[in-house]
Amino acid sequence: MFSKEDAYRIKKDFWISYGTYMKLQMNAEGTRINWVNYKTDVKGVYFRTDVERKFAEVSIEISHPDPSVQLMIYEQFEEYENVLESYLGEKWIWTKEDYDEDGKMISTIKIRLENISIFRETDWPQIIPFLKDRMINLDEFWCDHKDSFEIFKEL
């Protein structure tokens, strides 16, 4: 086990390493972006990366304050499921009714890499490319199709 301070330091070191590695990567439109805190510019739509003690995960999280709008956004993604999958090159797990760590209902589209740990630095060379490849693929999809989600910007 790690002390709280050690766990914080290890997580911080990982995210600094990932951020530094990704800093060199331009997005699909050829501009620099913050890959760790990817901005979709659509309220309630987030591209998340998470690494914990037992897994790494990349997800699209839909958590709009209005549940009916959240459902519409999720259904819009469902319309693009085959297109999204063609960008991602793999099937992700779609969950219309998921819950965040605070118990709030959200919708998610995600993929996990199991049996790795942020606390094992020897796993980092496996985790970083996992996150990178999927975030780049999500970005390519988003750059090509975000106009289809523009209607949700104002809701």
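Residues numbered from 1 in each chain as written. Predicted model: local features only at pLDDT ≥ 70, side-chain atom pairs only at ≥ 80, totals over all residues. Heavy atoms only, no water.

Student: Explain the pairing of strand E2 (residues 55-62) residue by residue, including any values.
Tutor: Counting buried residues in E2 gives 8 out of 8 residues, a clear majority hidden from the surface. Judged from the 7 bridges that link them, strand E1 (residues 45-51) and E2 form a sheet pairing that is antiparallel. Residue pairing in the sheet places Val45 in a bridge with Ile62 of E2. Two successive antiparallel strands, E1 and E2, enclose a turn made up of 3 residues. Of the strand pairs in this sheet, E2 and strand E4 (residues 105-114) are connected by 8 bridges, and their pairing is antiparallel. Of the residues in E4, the one forming a bridge with Phe55 is Glu114. (Buried < 20%, exposed > 50% of the residue type's maximum accessible area, 1.4 Å probe, protein only. Helix = DSSP H or I, 4+ residues; strand = E, 2+ residues; numbered from the N terminus. Pairing = 2+ DSSP bridges.)

Student: Outline the packing of helix H3 (residues 81-88) against helix H4 (residues 124-145), listing residues and values.
Tutor: One way to put it is that H3 packs onto H4 with a least axis distance of 8 Å and a crossing angle of 135°. One finds that H3 runs oblique with respect to H4. Considering only the axes of H3 and H4, their crossing is right-handed. Each of Val83, Leu84, Tyr87 and Leu88 in H3 lies in contact with H4, whose residues at this interface are Arg134, Asn137, Leu138, Glu140, Phe141, Asp144 and His145. Its residues placed into classes, the contact of H3 with H4 shows 6 nonpolar, 2 polar and 3 charged. (Axes fitted to C-alpha atoms, helices over the stretch in contact; angles between N-to-C directions. Parallel < 35°, antiparallel > 145°, perpendicular 65-115°, else oblique. Left-handed = near helix turned anticlockwise from the far one by under 90°. Contact = heavy atoms within 4.5 Å. Nonpolar A, V, L, I, M, F, W, Y, C, P; charged D, E, K, R; others polar.)

Everything listed here is a matter of geometry and, on its own, says nothing about what the molecule does.
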